[in-house]
Structure formats: structure tokens, C-alpha cells
Amino acid sequence: MQALVFENALPRILATKLLAALTPRAFTGPLAPLRLREIAEPQPLADDWVVLRTRLTGICGSDAKQVFLNGAFDNPMTGMISFPQVLGHEVVATVERAGPRAEIAPGTRVVLNPWLSCATRGLPLCAWCERGELAQCTSFRQGALPPGIHHGNSRAATGGFAPLVPAHASQCIAVPDSVSDEQAVLADPFSVSLHSILHSPPPVGGTALVYGCGTLGLCAIAALRALHPSVRVLAVARFAHQRALAEKLGAVRVLAHDPAHEIVAAIAAETAAEEVAPWRGLPMLLGGVDVVYDTVGLPATLEVGVRVTRSRGRISVTGVETPRRFEWTPLYFKELALVGSNAFGFETIGGRRQHAMRWYFELVQRGLDVTPLLTHRFRLAQYREAFAAAHAQGESGAVKILFDFRSKA
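Residues numbered from 1 in each chain as written. Predicted model: local features only at pLDDT ≥ 70, side-chain atom pairs only at ≥ 80, totals over all residues. Heavy atoms only, no water.

Participant: Which residues make up the nonpolar core, and what are the values?
Facilitator: Judged by nonpolar contacts, the single largest core of 59 residues is most densely connected at Val 111, Phe 190, Leu 218, Ile 221, Tyr 360 and Phe 361. Going through the elements one at a time, α5 (187-199), β9 (207-211), α6 (215-227), β10 (232-237), α7 (240-249), β14 (289-294) and α11 (356-365) are the ones with two or more residues in this core. Grouped together as the second largest cluster of nonpolar side chains are 33 residues, Met 1, Val 5, Ala 64 and Leu 380 included. (Core = buried A, V, L, I, M, F, W, Y, C linked by side-chain atoms within 4.5 Å. Buried < 20%, exposed > 50% of the residue type's maximum accessible area, 1.4 Å probe, protein only. Helix = DSSP H or I, 4+ residues; strand = E, 2+ residues; numbered from the N terminus.)

Participant: Quick one: what's the story with the sheet that holds strand β2 (residues 34-38), residue by residue and with numbers?
Facilitator: With antiparallel pairing, 3 strands are arranged side by side in an open sheet as β2-β1-β4. Of all the strands in the sheet, just β2 and β4 (85-86) have a single pairing partner and so form its edges. For strand β1 (residues 2-6) and β2, the ladder comprises 5 bridges, and the chain directions are antiparallel. Bridging across to β2, Val 5 finds its partner in Arg 35. (Pairing = 2+ DSSP bridges.)

Participant: Describe in detail the packing of α5 against α11, supporting the description with residues and values.
Facilitator: Contact pair α5 / α11: the axes reach a minimum separation of 9 Å and the direction vectors enclose 100 degrees. Looking at the two axes, α5 sits roughly perpendicular to α11. On the side of α5, the interface is formed by Ala 187, Asp 188, Phe 190, Ser 191 and Leu 194, while α11 contributes Ala 356, Met 357, Trp 359, Tyr 360, Phe 361 and Leu 363. (Axes fitted to C-alpha atoms, helices over the stretch in contact; angles between N-to-C directions. Parallel < 35°, antiparallel > 145°, perpendicular 65-115°, else oblique. Contact = heavy atoms within 4.5 Å.)

Participant: How would you sum up α7? Please name residues and give values.
Facilitator: Those residues of α7 that fall on the buried side of the exposure criterion are His 241, Gln 242, Leu 245, Ala 246 and Leu 249. Buried residues along α7 cover an arc of 135 degrees about the axis, so they all sit on one side. Seen from the open side of α7, the exposed residues pointing more than 90 degrees away from its buried face are Ala 240 and Lys 248. Immediately beyond the C-terminal end of α7, within one or two residues, lies Gly 250, with a positive phi of roughly 125 degrees. (Arc of directions from axis to C-beta.)

Participant: Give a description of the pairing of strand β15 (residues 309-317) that names residues and reports values.
Facilitator: Across 5 bridges, the pairing between β14 and β15 is parallel. Residue pairing for β15: Asp 294 is matched across the bridge by Val 317. As a crossover connection, the stretch from β14 through helix α9 (residues 299-308) into β15 is right-handed. Sheet analysis places β15 next to strand β16 (residues 337-340), joined by 4 bridges and oriented parallel. Its bridge partner lying in β16, Val 317 is registered against Gly 340. (Right-handed = clockwise from strand over helix to strand, strands pointing away.)

Participant: Tell me about a nonpolar patch on the surface, and please be specific about residues and values.
Facilitator: On the surface, Val 276, Leu 286, Tyr 332 and Phe 333 cluster together into a nonpolar patch covering about 410 Å² of accessible area. With respect to the helices and strands, the residue Phe 333 is situated in helix α10 (residues 329-333). (Patch = residues over 30% accessible without salt bridge, like charges linked within 9 Å, V, L, I, M, F, W, Y side chains within 5 Å. Areas by Shrake-Rupley, 256 points an atom, 1.4 Å probe, with all protein chains shown as cover. Salt bridge = Lys/Arg side-chain N within 4 Å of Asp/Glu carboxyl O.)

Participant: If you had to explain α5 to someone new, which residues and values would you point to?
Facilitator: Here α5 contains 13 residues, and its C-alpha end-to-end distance of 18 Å stays within 8% of the 18 Å for a straight helix at 1.5 Å per residue. In terms of burial, α5 is largely enclosed, as 11 of its 13 residues are buried. The set of residues buried in α5 consists of Ala 187, Asp 188, Pro 189, Phe 190, Ser 191, Val 192, Ser 193, Leu 194, His 195, Ser 196 and Ile 197. (Expected span 1.5 Å × (residues − 1).)

Participant: Lay out the side chain of His 241 in plain terms, naming residues and giving numbers.
Facilitator: Note on placement: His 241 falls in helix α7. Judged by relative accessible area, His 241 falls into the buried class, the value being 18%. Among the polar contacts listed, one links the side chain of His 241 to the backbone oxygen of Ala 398, at a separation of 3.1 Å. For His 241, the contacting residues outside a window of four places in its chain are Gln 393, Gly 397, Ala 398 and Val 399. (Polar contact = N/O pair within 3.5 Å; in protein donor to acceptor, adjacent residues only side chain to side chain.)

Participant: Describe the pairing of β10, listing the residues and the values that go with them.
Facilitator: β10 sits mainly inside the fold: 5 of its 6 residues count as buried. Strand direction decides the pairing type here: β9 and β10, joined by 5 bridges, are parallel. Along β10, the bridge assignment pairs Val 210 with Ala 235. Note on the crossover from β9 through α6 to β10: the handedness is right-handed. For β10 and strand β11 (residues 253-256), the ladder comprises 4 bridges, and the chain directions are parallel. By the bridge assignment for β11, Ala 237 is matched with Ala 256. Regarding the hand of the β-α-β motif, the stretch spanning β10, α7 and β11 is right-handed.

Participant: Any chance you could break down the packing of α6 against α7 for me, citing the residues and the numbers?
Facilitator: With their axes 9 Å apart at the nearest point, α6 and α7 run at an angle of 15 degrees to one another. With respect to α7, the element α6 is oriented roughly parallel. In the crossing of α6 with α7, the sense of the turn from one axis to the other is right-handed. Contacts between α6 and α7 involve Leu 218, Ile 221, Ala 222 and Arg 225 from the first element and Gln 242, Leu 245, Ala 246 and Leu 249 from the second. For the contact of α6 with α7, the class distribution of residues is 6 nonpolar, 1 polar and 1 charged. (Left-handed = near helix turned anticlockwise from the far one by under 90°. Nonpolar A, V, L, I, M, F, W, Y, C, P; charged D, E, K, R; others polar.)

See the structure below:
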């Protein structure tokens, strides 16, 4: 079968970095680490594994960052992955065939819970997996699989940039008949934002700031509206099409991402906070928003975040960017809680606990609709056009880009 394969080949990485200074087409060019290749069809990796036939796969921000070589060699996560990789973990698929202990019928339509935690590796459950906190599993380098935290970054657990995907039966979450493929393919990114909000909830009647209006930010706005209707949601968007979607999904005010001084001033006005101006640089607010959901994770967004969050407020970071120095004195002064938020697992709402993707399906069945985020779809062979659209979001209007395997047309 044909699959998009990413190789950890230093000559290709260096050549691509050099050529990308001239044109972004180099990221998917003939010398790039990412190539469309013929590979063997996957088989069930054990008796309790299945093979899925891909229907839709979303391009995650982490996929795009890898293809665009946006990372650092000293990132500790490089010690938890293996190559070569077939990327893609936002997958809607149909069970093609199942091992004898898989306990899921061929033909079942599912979303992939991509975490390669203890159960997938044939190991006893660690303490995190026992609690359903699958993204905190301590076994991502152990057991029957090569290193990898989720499908797409382990050489054995290949991802959805291919027509067939191996998966452990526990990773297959059935899609209700009333939920379309287009709704289902957003289960993964919505669950990421849902996890962040459930672990750092805003107070009743409070004010939240969603920093960044890509897929995670827009899902966060929708989740806040669904779960915390009394909360005023402010947002920061980079592009006009993101602003329009943020307003459609329920943000009461959407701010431009630049200049930072204007973001601080606008939030001061929205929250009746006092601006404290330093000798130079950005002001700090006495007062401000109750919680920030930073879906970007740049030093510049964190620097604004610590300034505009009220004392003892909370900043939840789902975005991942290359770190640099920034002035973070307000972190200690205002006793802020700066927390990371990693993916999702089993989540509790109203005293009930179930997988985040099941919560998403319940919300969809109650009327939640985040399908306006689906802006582009391509066949796998059109991967160059797909990543070009992702790279030039301002021009293409891209938010969530899909590979569609359902039709050859």
C-alpha cells in the first residue's frame, strides 16, 4: 500500500532546512524526510489487535510541525519515538479484520484513541493507566512495541496517512450511527481541548481567554460554550477566517494577535483591570482574566498570558513551540498556576467518568457542531497541496485539513 512515511534521515533534514529558506515547497520536495512510499500492509500485531481501513484522517498541528521541521534536537520527547513513521493519529476508520481476542466486529466504524499505553503494549497497567490517564502512561518505551507515545510516532504502530492502520482493540471507540465521519474526525482535537478545560475550569461567571484560534483554540471556545455558558470567552486570532469562526462558535470578543500591547489594553478594558507599566515592555494587569487556554505555546503568548491573568489565576498550555527566553516575573508575583495540558484520557463530567471521545459524541448528539473547522480535504496523493495549505493558513483559510480515503474521485 502507499503511505506517507517520515524518515529520521539527517542528510534529508539538513537539505530540507537549507532549501526551505528559499521555498516552503522544500518540506514536501524530493529531498524531504516525508515521502509517499510503497510499504507492506499491516497485520494485527497480536491476538487482541485489529486492522482498520481509514476513512478520514486529520492533519494535526504536531504532524505539520514535524513535516515543517519545527522542533529542537534536545527536545526530550525525541527519546520516546521511533522511525520510520507513518504519521497521522486523528483517524476515523472501519474495522477491516480482527484478531481472535479483539472483541470488536469487522465493519464497525470507529475513531482511533491513539495512545500507545500499557494495554496496547501487552503490559500490566501502570498507575496512570489504572486511572484512565492514558497520556501520562510510564510505559511508552516498553513492552511489545517500539518507542512511541501514539500512533504515527512509533515505527510499528503506523498512523492514518495510509489506507490501513493496525490498532489494539481497546483503542477502537465505536462511532454512533447519528455521528457523521466529518463530526467523528474532530473527536481527537476536541478531546485535547476538553481535557484542558476540565483540568483548569473557569469559575462560574468568570472570563476566559483562548489564545490562538487554530483547531485546538476553536474547539476550546466551543467546549467552553457547551460546558460553561456563564463564562465570557475572549480570544486571540491571527487570521480573519479564524476570527470569523471564533465569533461563530461563541467568543464575545476576538483580538488581533499583534501588537501585544493592544491585547493587554483590550483585556484590561474587558475585565476592568489596572495596567501597571514597566520602565519598558509590556504592562502587567492587576486583575484580568481568570484562566488562559494557550493553544500556541510561543514565548510571546506565554509572556502576554502571565501579564493578563489575575492573581492566582491559571494558564493551561496545550500548544508546543520551540522555547526561548521571556520575562515571566508576573508568574511569581501574582502566584499564577502555569500548567501543561497533554492530550486526553478518561474524563469526569457531572460525576460520570468515560473516555473523552465518548463525551465528545454525547455533546455532538446534544447539538454541538464544530464541523465548520473542516476547511480542506485532499486525497493522500495530494499531500504536497495539503501541507502547502497548512503552511500558508492566512492565504488558504485552512483550519483542519483532512485526507479523505473514501473515494478516488
